[in-house]
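Working through the structure, step by step
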Amino acid sequence: MRAFTYERAKDAVEAARIVAGRPDAKFIAGGTNLLDLMKLEIETPTHLVDVQDLGFDKIEKTRDGGLRIGALVTNTDLAADERVRRDYGVLTRAIVAGASGQLRNKASTAGNLLQRTRCPYFYDTNMACNKRKPGSGCAAIGGYSRQLGVIGVSNACIATFPGDMAVAMRVLDAAIETVDGGGQKRSIPIAEFHRLWGDRPEIDTVLKPGELITAVTLPRPIGGRHFYEKVRDRASYAYALVSVAAVIQRDGTGRVAFGGVAPRPWRVEAADALLPQGAAAVTARAFQGATPTRDNAFKLPLATRALASVIAQAKA
Amino acid sequence: MQFDTPATTNPIDRMKVVGRPHERIDGPLKTTGQAPYAYEHRAIANPAYGYIVGSAVAKGTIRSINLDEARGAPGVLSIVTAATAGKLGKGQMNTVKLLAGPQVDHYHQAVALVVAETFEQARAAAALVRVDYARATGSYDLDEALKSAPLTGGDSGEGSGAPPVDRTGKFEDAFAAAPVKIDAEYTTPDHSHAMMEPFASIAAWNGDELTLWTSNQMIDWGRGDLAKTLGIPKDKITLMSPYVGGGFGGKLFLRADAVLAALGAKAAKRPVKLAMQRPMMVNNATHRPATRQRIRLGAQPDGTITAIAHESGSGDQPNGGPEAAVNQTKLLYAGANRLTSMRLAVLNLPEGNAMRAPGEAPGMMALEIAMDELAEKLRMDPVALRIKNDTQVDPEKPERRFSQRQLVRCLTEGAQRFGWSRRSATPGQVRDGKWLVGMGVAAAFRNHVNRTSGARVRLGQDGVVTVETDMTDIGTGSYTIIAQTAGEMLGVPAEAVVVKLGSSAFPVSAGSGGQWGAANATAGVYAACVKLREQAAQRLGIDPATADFADGRVSGGGKSGDLRAAASGGELVGEDKIEFDKLDKTYQFATFGAHFVEVGVDAYTGITRIRRMLAVCAAGRIINPVSARSQVIGAMTMGAGSALMEELAVDKRFGMFVNHDLASYEVPVHADIPQQEVVFLDEADEKANPMKAKGVGELGMCGVAGAIANAVYNATGVRIRDYPLTLEKHLERLPPIV
Amino acid sequence: MADRPELEITRRGVLASGAMGAAIAVAPGAAVAQNAPEPQAPPTMPVRFKVNGRPQQLTLDTRTTLLDALREHLHLTGTKKGCDHGQCGACTVLVGGKRINSCLTLAVMHEGDEIVTIEGLGTPDKLHPMQAAFVKHDGYQCGYCTPGQICSAVAVLDEIRRGVPSHVQADLTKRPAASNMEMRERMSGNICRCGAYSNIADAMADVAGVKA
């Protein structure tokens, strides 16, 4: 870990201004992903701006009947919120399927959206990785890729977004609210938040330098039955091989997003429309153009079968 | 004490302390965080911190190392490389040297140690060490390398060995003639010990004398190999390892942390402490090698096995040894015509070596599926097939009997307890919601090994009994069973015994490995206690031959006295070792068991979850049923990992294990493991040692993965012969989803 | 200051993407010189928090994790370093009553916090009920993960009492029960390679007053 200076921000715009002004500066909130990566010098900030005092730790009702989740709300608190459990069950389900109790107590809502891939070649600094070191190549291609992406990936990078929470937020059509160093605010639909790698896999999201996440908003509840089916080798404390977030209405319509398969939570709205026709129809559409490797080709039938499991539960 | 005739009645048989469930005497220290592990000893003030740099290539040479930047980094005191370390030897137990240079033997082999004032400074400076490698072509593909690999015999260094080829009768003819047969290939992957405490050492020099606190299972091996590596006399080294945060074979041998701490302390002229960073542990250290196994079984329609062949291939570094996966097949089942053989390929992956139950663990993973497959072909219950082929003698040398063998009772009692009769003989029949449910069985088998073991027992003037031995407690319960043994021998409660372990200042013991620790180390304590009893009785004027030690008193011949009074005139010290001669020529010593498992396989996703586990074990006298049971449930848990998730993924291009941390090399977590049941048959093996005890710590690992695999087959009707049983190996052969 | 990009490229001397058999020569020191700072002490900061009820004041390298502050500076070595990357749970401590991995948080981020470690739960002479239950049920073997397991176990029972939901809860709107499956799921962030899980579940059930 490189040496760094540290300060605790008192004001969001000021924090954003500091980070925007120094390419070597980073925000830190829960720190559970950033410090992990700093120890390996995959992340090498020389200045940290701690945002824990900014007060973004509340969950409030929005005027249109949705929820505004402060960027610093911990995973535990978000999952435990009674309104979330009642009206956005898929979100609670997704959060408690991820990481461990200890990590969820520290991990923040914003940080969880920003967590970086778990590709083992990204994590090993002896290996080529375009995401870690632009232009160095991708050791994962042609390597061990069982965990890696099957769709939305590129010739430069086949990593996945590893999170669970964001997959649920994707079916809920969440939006990410930010502020920049000039005090400018914007709201980014989650569908547009995570980038596909293309030839710039080092850039994970559409955030600009120094742009600070202040909240995530959820539209008003959409009813239906909520599911998060996470498939992994061990029963807990493991990343998804494939996950399915779904909200299914009584008439069989609904929404579905997949985790563990792509650079972003993978949802194809045109595939949602095929839900009444069954799992195979949905995944055929959602995974059209998939480019799996030999190691991870199983994720395609697995996605279908995991969704079928969800549909069966919805019918039960 | 020479043990060369079976034990007769002795003080241990009273079983007032030994054999009773006893909480661990080290429990209050461990549960309050007061037990000091290697990195935590505070006897040395102001240590500097070391951080290891590992090789970025698997095979090649170091052309140059540029240390300029690292040396200039804040806080750096010294940097050790092969070029600066002076001439180093290689430990006798090490296949590969522990510091690379100029030759690199495997990925993450240590190439440098940075020593700095603080941990943070050492870590940062380590990233500034610039190494220029010339990468060489290596051999990393086991299947490819086995095509031309020679037949090789060998021993894992932990007791499991086999010759290159071993034949009894005429296997080929018998197999050809057998009316029912199976011929199948099985694969097991590379496994990592993944013990929770990383390799860690603190080294301090005083002139030419070295004190090393470390985490090692075998004090004397570690001390000897450290002396050999550093080129100094063994008696100049004091090595201490009173608490070991898990080893499983990974800490049997001297490792890089110990060597580098010693070299770093010498270079920095300061004590140095270091712990290997977790992401380096997998490739820097040893691992259980992958195997490719072929098993052929031929049987009569009544289930009598007439032909049995087990061939295994594995790989290791040059001059390494094979994974002796055929070992148990020489002994477990009857059959007149037998063949075992092993091939060993040269690989440039990290060093393969012993991991919990080397040989038997991967061997039983294959053999016990093969038995299940044969049972199905015979339309015979798999429990019945195993019983049918029980043998009370070494099938290759019928004149050698097993000293004790209750495999059949383990199977029958286990079947009854588990409700085996409710198992559907036809697979894929039982459904519980989305779960396909199945049951599986496997035999458990692991040899018991006799090893010399010494101890010293003191009776202080204050009446306190103190045992000193270099035996280690790696979670096995050594502290407690040694206290129980001395307590039984001297007629005092276990709580009254002070146990000091894990120092080279104490008599050399069997150490912890090969499930030989408990039985041999306590037998060594027994021998030392016999010496102390003689002295104590004499002091009290009682004939040692008839003296009875009970309730803190010594009595005999009408006389009686307080044990503590025996030492009132000065401390008594009894020291001896247990040694074995010829009994293992006459008898085969082994431990037995039966594993029963029920699993659910998600009909949609193919994920397997274990629902119930039972092990019935026959392993001689159980010295402490509490810690012995824990050894078995722990082994069952590790076995569950090997069945369902554990696999070091090999990158055949770069010659390294890709998933080299605890997030990507998955081992079981709480949620994976149901309530486990363990039953010990009441046994005492008087031919084994005066404790009449045998090993148990690895027995629980042997066969459990096979039982899980058989349960998965019983649930799904899809046979997987390639471990671990991850979902993609049967997903598309599962019943179709609607 | 620039992030020394030239060096990043050759940090380990060889890049996996390089042609097999070839090696990329290491950049000479000259590439560093332009921006290299004089060797200087790394930034340090003061921090104050309470550990096991006692106020502590430390001045630390900003890089110091809470785990290393406890172990190396306060010599509270009951909290263990198993992986240093949030992958094992051996470093679990309670901060503000909630369990976290002390390896993945900086000490300087804990100004004013109340931290409880295994040493603060009980002592060998006066065990916390959970520590006593671990001894009684043999909920450990090598002991290295044990302090983290116990801290986590204490917090898990509290989380169940407070109604924090879990992955295995059938109905999210109901309060969780201290069932065997609930405790196993919630304890899954604490790896025990010795495999004491079944006994730990018994110990927790004993403390929770339920059947395992």
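This structure is a prediction, so every number in the text was calculated from the model and none was measured. (Residues numbered from 1 in each chain as written. Chains lettered and ligands numbered in written order. Predicted model: local features only at pLDDT ≥ 70, side-chain atom pairs only at ≥ 80, totals over all residues. Heavy atoms only, no water.)

With respect to the pairing of strand 4 (residues 98-101) of chain C
As defined by bridge partners, strand 3 (residues 92-95) of chain C adjoins strand 4 of chain C across four bridges and the pair is classed as antiparallel. Residue Thr92 of chain C lies in a different strand from strand 4 of chain C, and its bridge partner there is Asn101 of chain C. (Pairing = 2+ DSSP bridges. Helix = DSSP H or I, 4+ residues; strand = E, 2+ residues; numbered from the N terminus.)

Observations regarding the interface of chain A and chain C
At the junction of the two partners, chain A supplies 54 residues and chain C supplies 55 residues. Carbon and sulfur atoms make up 53% of the area that chain A and chain C hide from each other, which totals about 4400 Å². Inspection of the chain A/chain C interface yields one salt bridge. Across the pair Lys39 of chain A and Asp84 of chain C runs a salt bridge, and its minimum N-O distance is 2.8 Å. The element best represented in the side of chain A that touches chain C is helix 6 (residues 101-106) of chain A, accounting for five residues. (Contact = heavy atoms within 4.5 Å. Buried area = accessible area lost by both parts, 1.4 Å probe. Salt bridge = Lys/Arg side-chain N within 4 Å of Asp/Glu carboxyl O.)

Examining the side chain of His85 of chain C
Secondary-structure assignment places His85 of chain C in the loop between helix 3 (66-73) and strand 3. For His85 of chain C, a relative accessible area of 8% puts it in the buried group. Beyond its immediate stretch of four places on either side in the chain, His85 of chain C contacts Asp36, Lys39 and Leu40 of chain A, Pro279 of chain B together with Cys103 and Leu104 of chain C. (Buried < 20%, exposed > 50% of the residue type's maximum accessible area, 1.4 Å probe, protein only.)

A closer look at the interface of chain B and chain C
Accessible area lost on assembly of the parts is the figure often given for the size of an interface. Facing 80 residues of chain B, the contacting portion of chain C comprises 78 residues. Both sides of the chain B and chain C interface together cover about 6200 Å² of buried area, and 55% of this is carbon and sulfur. Along the contact surface separating chain B from chain C lie five salt bridges. In this structure, Glu646 of chain B and Arg193 of chain C form a salt bridge, with 2.7 Å as the shortest nitrogen-oxygen distance. Here chain B is connected to chain C by 31 residue pairs in polar contact (both at pLDDT 80 or more). Breaking the side of chain B that touches chain C down by element, the ones donating at least two residues are helix 1 (27-31), strand 3 (60-66), helix 2 (68-72), helix 3 (119-126), strand 7 (130-135), helix 8 (278-284) and helix 15 (625-644) of chain B. Sort the elements by how many residues they give to the side of chain B that touches chain C and helix 15 of chain B lands first, with nine residues. Taken together, the residues of the side of chain B that touches chain C sort by class into 39 nonpolar, 21 polar and 20 charged. (Polar contact = N/O pair within 3.5 Å; in protein donor to acceptor, adjacent residues only side chain to side chain. Nonpolar A, V, L, I, M, F, W, Y, C, P; charged D, E, K, R; others polar.)

A few points about the sheet that holds strand 5 (residues 103-104) of chain B
Residues and elements named next belong to chain B. One open sheet accounts for three strands, arranged 5-3-7; its pairing is antiparallel. Of all the strands in the sheet, the pair left with one neighbour each is strand 5 and strand 7. In this structure, strand 3 lies alongside strand 5, joined through two bridges in antiparallel fashion. Each bridged residue has a counterpart across the sheet, and for Gly60 the counterpart in strand 5 is Val104.

A short note on the packing of aromatic side chains
Under the defined criterion, the tally for this structure stands at 14 aromatic pairs over all chains. Among the aromatic residues, those joined into a ring-pair cluster are Tyr37, Tyr243 and Tyr479 of chain B together with Tyr144 of chain C. Over the face of the ring belonging to Tyr140 of chain C we find Arg24 of chain B, whose NZ or CZ atom lies 5.5 Å from the ring centre. Sitting above the plane of the Trp516 of chain B ring, Arg451 of chain B keeps its charged end 4.3 Å from the centroid. (Phe/Tyr/Trp six-rings, centres within 6.5 Å; stacked < 30°, edge-to-face > 60°. Lys NZ or Arg CZ within 6 Å of the ring centre and 35° of its normal.)

Things to note about the packing of helix 12 (residues 478-490) of chain B against helix 13 (residues 517-539) of chain B
Residue and element names in this part refer to chain B. Packing of helix 12 against helix 13 leaves a shortest axis separation of 9 Å and a crossing angle of 30°. The pairing of helix 12 with helix 13 is recorded here as roughly parallel in orientation. Crossing of helix 12 against helix 13: the hand is right-handed. Counting all contacts with helix 12, which are made through Ile481, Ile482, Thr485, Ala486, Met489 and Leu490, the residues of helix 13 involved are Ala518, Thr522, Val525, Tyr526, Cys529, Val530, Leu532 and Arg533. Looking at the contact of helix 12 with helix 13 residue by residue, the class counts come to eleven nonpolar, two polar and one charged. (Axes fitted to C-alpha atoms, helices over the stretch in contact; angles between N-to-C directions. Parallel < 35°, antiparallel > 145°, perpendicular 65-115°, else oblique. Left-handed = near helix turned anticlockwise from the far one by under 90°.)

Section: the pairing of strand 9 (residues 225-231) of chain A
Residue and element names in this part refer to chain A. When you tally the buried positions in strand 9, you get six out of seven residues, the bulk of the element. Examined bridge by bridge, strand 9 and strand 10 (residues 242-248) share seven bridges and lie antiparallel to one another. Pairing of Glu229 across the sheet is with Val244, part of strand 10.

Regarding the confidence of the model for chain C
This prediction gives chain C a mean pLDDT of 86; 81% of its residues lie at or above 70. Both confidence scores are given for the complex: pTM 0.96, ipTM 0.98. (pLDDT = per-residue confidence, 0-100.)

Description of the sheet that holds strand 3 (residues 47-50) of chain A
Residues and elements named next belong to chain A. One open sheet holds the three strands; their spatial order is 1-3-2, and the pairing between them is parallel. Two strands in the sheet have a free side with no partner beyond their single neighbour: strand 1 (5-8) and strand 2 (25-28). Neighbour to neighbour, the strand axes of the sheet diverge by 25° on average, direction disregarded. Sheet topology note: the strand 1/strand 3 ladder contains four bridges and is parallel. Pairing of Thr5 across the sheet is with His47, part of strand 3. Along the sheet, helix 1 (residues 12-21) makes contact with strand 1, strand 2 and strand 3, crossing strand 2 at roughly 145°.

Some details on the nonpolar core
Membership of the largest hydrophobic core comes to 272 residues, with the highest contact counts inside it found for Leu260, Leu374, Leu490, Phe596, Val599 and Ile708 of chain B together with Met204 of chain C. Among the elements that take part in this core, helix 9 (residues 360-378) of chain B stands out by supplying eleven residues, more than any other. With residues up to four places along the chain from it excluded, the contact list for Met204 of chain C reads Met130, Ala153, Val156, Leu157, Met183 and Met187 of chain C. In this structure, Leu67, Tyr88, Ile176 and Phe193 of chain A belong to the second largest nonpolar core, which totals 38 residues. (Core = buried A, V, L, I, M, F, W, Y, C linked by side-chain atoms within 4.5 Å.)

A look at the pattern of salt bridges
Residues and elements named next belong to chain A. Taken as a whole and assessed by the stated rule, the structure comprises 84 salt bridges over all chains. The closest approach of N and O atoms between Arg255 and Asp173, which form a salt bridge, is 3.4 Å. On the criterion of sequence distance, the pair formed by Arg255 in strand 11 (residues 254-259) and Asp173 in the loop between helix 9 (165-171) and strand 6 (175-179) is long-range, its members being 82 residues apart. Connected via shared salt-bridge partners are Arg170, Asp173, Arg255, Arg267, Glu269 and Asp272.

Some thoughts on unusual backbone geometry
Residue and element names in this part refer to chain B. In the segment running from Gly101 into Pro102, the intervening peptide bond is cis, with an omega of -10°. The residue Pro102 is located in the loop between strand 4 (76-81) and strand 5 in this model. Cis rather than trans, the peptide bond between Tyr723 and Pro724 has omega equal to -10°. Note on placement: Pro724 falls in the segment after helix 16 (704-716).

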